[in-house]
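Architecture and fold: a report
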Amino acid sequence: MQHHPLPEYPRPALRRDSYENLNGLWQYAITGSAGLPAKWDGDILVPYSPETKASGVGRTLQPGAWLHYHRSFVPPAGTGGRVLLHFGAVDYACAVQVNGHLVGGHRGGYWPFALDITDALNPAGHDRLWVAVQDPTGTGVQARGKQTLRPGGMFYPAQSGIWQTVWLERVPENYITELTVTPDYDARTVTVKAHTSLPGGAANLWAVVRAGGVTIAEDWGSDEADRDGAVTLHIPEEHFFPWSPDSPFLYDLTVGTTQGKEEQRDTVHSYFALRKWSCAPDAHGIMRFCLNGKPILLNGLLDQGYWPEGLLTAPAPESYADDILAMKRLGFNTLRKHIKVEPEEFYYQCDRLGMIVWQDMVNNGSYSYFRDTVLPTIGIQKWNDRQLHLDERSRNTFRQGAADAVNQLKNHPCICYWTIFNEGWGQFDAAGAVEAVRRLDDTCLVDEASGWYDQGGGDVDSLHNYFYPLRVRPRSRVVALSEYGGIAWPMPGHEPPRRAYGYGTAKSRAELTARWKKLQLETVLPQLKKGLSALVYTQVSDVEDEVNGLFTYDRAAIKPDPAAVRAVNQALEAAFEKTVE
């Protein structure tokens with residue numbers, strides 16, 4: 001067993017030198033009360049949920065039960081300032097104590113949070129941390145994605161507790177809590193705003209931009225205009241390197257505060273890219289996705305983000321890069337992150353390696369097999385959503401979760417667009433949701449309803465197609481085939497834990513490859529000239545009962561012939577380029 005998993009710094013876009021990783025073996029107990037357990041059940045490997053094999057536990061937290069964590073720790077070296085305790089994500093609700101003092105809590109299983117624990121630390125050391133967690137999966141109003149207590153088909157085992165990295169940092173009294181980095185591709189500038197811990201949240205800043213280790217722009221915070229906590233830097237013409245999948249150039253960014261003595265100032269390291277997403281007509285007047293002003297075919301895969309040993313949590317730091325590079329070698333340039341928010345490391349690797357990401361919001365509304373699967377499958381896909389999912393608590397939970405996702409991820413260059421609702425799950429007032437997302441981020445595109453119950457808003461006419469002939473016609477919005485395919489093959493030695501699930505089943509690798517080629521070349525490719533501009537095949541890998549991935553669940557083997565996949569993707573790209581000329 002790996003006793004110190006995922007040791008890398010977990011927040012690449014806001015890095016500091018002070019860092020103490022708390023991943024590893026903790027004590028745990030599952031009880032019926034919130035109080036400190038009288039005894040511990042054993043050890044759990046953090047950051048893996050107790051439901052996973054990787055955790056060493058293999059137990060499911062039931063609604064109403066409490067999951068307790070406990071460990072000792074040593075604060076980061078140094079004196080003065082504040083000590084922050086960071087959690088990448090805890091599913092779902094938690095309370096945190098340090099040395100018997102309540103230091104805070106959090107609700108929401110997919111988003112990071114930090115607590116200032118300075119005043120609870122023991123001057124003589126011997127610090128102890130206790131986290132108590134509840135997760136009402138299936139019984140409460142919460143963002144849960146595909147988690148369920150009754151897994152099967154396209155729904156996966158529920159998870160609970162700490163499933164992302166836990167770490168400590170020592171920071172100055174006035175420290176940077178958040179960076180908002182806004183590149184302007186056309187103006188060739190980047191505006192950096194720092195939010196700090198002092199009341200009002202603004203601080204005088206300095207900022208330096210480097211390209212390949214060379215300083216190309218800097219502002220030392222001397223202007224009065226910088227006192228609102230923002231600086232704008234201009235990128236010289238000779239260092240203008242647009243980001244794209246073929247050339248994913250990242251600028252290094254260092255930002256610091258200027259108030260007080262040197263030891264009272266904060267410095268963080270980040271990065272950004274210059275890129276612009278838009279929708280515009282091609283040479284024939286058909287609406288297309290455009291990257292940096294040029295039409296681009298977004299050719300991608302549905303990415304659930306699950307792993308056989310850790311479920312929501314990847315097995316190793318290099319897991320994300322390995323997945324991304326494997327997809328790029330096959331000729332894909334896009335991943336649709338499906339109803340899950342990943343750790344920051346995933347998005348950093350997409351930024352660094354040039355993988356475009358469509359980011360789904362995490363669903364929390366009710367799912368109805370009849371309403372959300374049967375009726376749309378037989379063609380009833382055009383309901384007005386104003387009177388759907390009227391529970392205001394559920395609506396507000398979704399609104400807050402969507403805002404948290406956008407605010408957390410909008411600085412990442414890889415993000416192309418936000419998918420708000422998927423196949424009607426929890427869908428309500430999509431038009432209002434589009435406007436709310438645009439207010440938070442106007443640099444990316446918006447898909448209001450992927451699959452069906454389209455209300456005519458957003459930037460994308462988003463189609464799902466698994467069963468019927470595919471017909472596309474030019475529309476006022478860009479047309480995306482945001483889910484399709486899903487051909488199943490339970491590869492020998494990689495069978496699912498329960499019943500095999502997919503959309504049509506092949507009996508061999510040869511048949512799977514042949515059906516893949518026929519679907520792509522005879523069904524999908526002819527639709528490119530009719531307006532189809534994006535493809536998302538289901539899916540990257542097998543997941544639990546779903547055996548419709550291009551790769552096995554453990555990523556040990558590719559199921560169709562890789563040479564055939566590459567050749568098909570090259571043919572799609574060539575056909576698209578010819579079509580838009």
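Structure first, text after, so check above.
The following refers to the structure shown. Numbering of residues begins from 1 in every chain and follows the order in which that chain's sequence is written. In keeping with the model being predicted, local features are shown solely for residues with a pLDDT of at least 70 and side-chain atom pairs are shown and tallied solely at 80 or more, while totals for entire chains, interfaces and linings include all residues. With hydrogens and water stripped out, all remaining heavy atoms of the structure feed into the side-chain values.

**Considering helix α1 (residues 319-329)**
Think of it in three bands: residues with accessible area under 20% of the maximum for their type are buried, residues over 50% are exposed, and the middle band is partly exposed, with areas taken using a 1.4 Å probe on protein chains only. Put simply, DSSP marks the helices as runs of H or I at least four residues long and the strands as runs of E at least two long, and each gets a number from the N terminus on. Residues of α1 that are buried: S319, Y320, A321, D323, I324, A326 and M327. Note on contacts: a residue pair is in contact if any heavy atoms of the two residues lie within 4.5 Å. Against the buried residues of α1 lie β25 (298-303), β26 (334-337) and α2 (344-353). Of the residues trailing α1, G331 is marked for its positive phi of about 105°.

**Considering unusual backbone geometry**
For the bond running from D91 to Y92, omega is 15°, close enough to zero to count as cis. Look at the link from T538 to Q539: it is a cis peptide, with omega at 10°. Here Q539 shows up in the loop between β32 (532-538) and α7 (562-580). Non-glycine residue N292 carries a positive phi angle of around 55°. By the secondary structure assignment, N292 is in the loop between β23 (287-291) and β24 (294-295). Even without being a glycine, D429 presents a positive backbone phi close to 40°.

**Overview of the pairing of strand β30 (residues 460-465)**
The element β30 is extensively covered by neighbouring structure, given that 6 of its 6 residues are classed as buried. Of the two faces of β30, the one lined by V460, S462 and H464 and the one lined by D461, L463 and N465 are each fully buried. Whether two strands pair comes down to DSSP finding at least two bridges between them. Pairing between β30 and strand β31 (residues 478-485): 6 bridges, direction parallel. In the sheet register, H464 faces β31, and the bridge partner there is E483.

**Quick notes on a nonpolar patch on the surface**
Grouping into patches uses exposed residues only, defined as over 30% relative accessible area, and leaves out salt-bridged ones; the cut-off is 9 Å for like charges and 5 Å for nonpolar side chains (Val, Leu, Ile, Met, Phe, Trp, Tyr). The Shrake-Rupley method, run with a 1.4 Å probe, gives the accessible areas here. Residue values count only the displayed protein chains as cover. The term salt bridge refers to a side-chain nitrogen of Lys or Arg lying within 4 Å of a carboxyl oxygen of Asp or Glu. Together, I378, I380, W383, F467 and Y468 line one region of the surface with nonpolar side chains, adding up to about 530 Å² of accessible area. Relative to the helices and strands, Y468 is located in the loop between β30 and β31. Residue classification places Y468 among the partly exposed residues on the basis of a relative accessible area of 48%.

**Some details on the sheet that holds β23**
In space, the 3 strands of this open sheet follow the order β22-β23-β24, with antiparallel pairing throughout. The sheet is open, and its two borders are formed by β22 (277-281) and β24, each paired with just one other strand. Pairing of β22 with β23, which is carried by 5 bridges, proceeds in the antiparallel orientation. By the bridge assignment, W277 is partnered in β23 with L291.

**Re the sheet that holds strand β18 (residues 214-219)**
Strand order in the open sheet formed by 4 strands is β18-β17-β20-β21, and the pairing between neighbours is antiparallel. With one partner strand each, in any of the chains shown, β18 and β21 (267-272) form the two edges of the open sheet. Shown here is a sheet whose adjacent strand axes are inclined to one another by a mean of 20°, direction ignored. Two strands pair when backbone bridges link them, and strand β20 (residues 251-257) and β21 are joined in this way by 6 bridges, in the antiparallel orientation. Paired with Y251 across the strands is F272, a residue of β21. Throughout, an axis means a line fitted to C-alpha atoms (over the contacting stretch in the case of helices), and angles, computed between N-to-C directions, take values from 0 to 180 degrees.

**Some words on the environment of V103**
Tracing the sequence through the fold places V103 in strand β8 (residues 101-107). The class for V103 is buried, based on a relative accessible area of 19%. On a C-alpha basis, the gap between V103 and I117 in space is 6.1 Å, while along the polypeptide they are 14 residues apart. Filtering out sequence-adjacent residues up to four positions away, V103 remains in contact with V96, Q97, V98, L115, I117 and A120.

**What about helix α3 (residues 369-377)?**
Within an α-helix, residues lying three or four positions from one another point in the same direction, as the helix has 3.6 residues per turn. Every buried residue belonging to α3 is among R371, D372, T373, L375 and P376, and all of these are buried. Positioned one or two residues after α3, G379 has a phi angle of 105°, which is positive.

**Topic: the packing of helix α6 (residues 509-524) against α7**
Contact pair α6 / α7: the axes reach a minimum separation of 10 Å and the direction vectors enclose 0°. Taken together, the axis directions place α6 and α7 in an arrangement best described as roughly parallel. Across the interface between the two elements, R509, T513, W516, K517, Q520, L521 and V524 of α6 pack against P562, A564, V565, V568, A571 and L572 of α7. Ten residues, namely Ala, Val, Leu, Ile, Met, Phe, Trp, Tyr, Cys and Pro, are considered nonpolar, four, namely Asp, Glu, Lys and Arg, are considered charged, and the remaining ones, Gly among them, are considered polar. Looking at the contact of α6 with α7 residue by residue, the classes come out as 9 nonpolar, 2 polar and 2 charged. Roughly parallel means an angle under 35 degrees; roughly antiparallel, over 145; roughly perpendicular, 65 to 115; everything else is oblique.

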